[in-house]
Amino acid sequence: MDILKKFFPNAFKANGGVSPFIVALLIYVIIDVVCGFVIGLLAKLPIIGIIFSLIGSLVGLYALIGIVLSILVFVKVIK
């Protein structure tokens, strides 16, 4: 659990109530949208596009896991 808290610090702040939960969700959504847009533009480059496509997939996966952890912390499945 300590490893998850190091990689997803905002997800574990969602246990304080509705407001920290909404803030945690917004942080992960903004990370996903902004990085997705930038990496989507860079993925169109011919030579390094494959690398940026992989990075974009990892950022999307990070945001998805962060959102799921935030929800689980908010409903008190994970402490």
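Throughout what follows, the structure given in this document is the object of discussion. Quick caveat: nothing in here was measured; it's all calculated off a predicted structure.

Another aspect to go through is the packing of aromatic side chains. For the coordinates displayed, the defined rule picks out three aromatic pairs. Ring geometry for Phe8 against Tyr62: centres 4.8 Å apart, planes inclined by 20°, an arrangement best described as stacked. In this pair, Phe8 is assigned in the loop between helix 1 (2–7) and helix 2 (18–42) and Tyr62 in helix 3 (residues 49–74), connecting sequence segments 54 residues apart. Relative accessible area serves as the criterion here: at 29%, Tyr62 is assigned to the partly exposed category. With a centroid separation of 5.9 Å and an interplanar angle of 65°, the aromatic rings of Tyr28 and Tyr62 are classed as edge-to-face. Here the residue Tyr28 occupies a position in helix 2, and Tyr62 occupies one in helix 3, the gap between them amounting to 34 residues. Each residue in the set Phe8, Tyr28 and Tyr62 is aromatic and connected to the rest through ring pairs, giving one cluster. Geometry around Phe12 places Lys5 over its ring, the cationic atom sitting 5.7 Å from the centre.

What counts, and at which threshold
Residues numbered from 1 in each chain as written. Predicted model: local features only at pLDDT ≥ 70, side-chain atom pairs only at ≥ 80, totals over all residues. Heavy atoms only, no water. Phe/Tyr/Trp six-rings, centres within 6.5 Å; stacked < 30°, edge-to-face > 60°. Helix = DSSP H or I, 4+ residues; strand = E, 2+ residues; numbered from the N terminus. Buried < 20%, exposed > 50% of the residue type's maximum accessible area, 1.4 Å probe, protein only. Lys NZ or Arg CZ within 6 Å of the ring centre and 35° of its normal.

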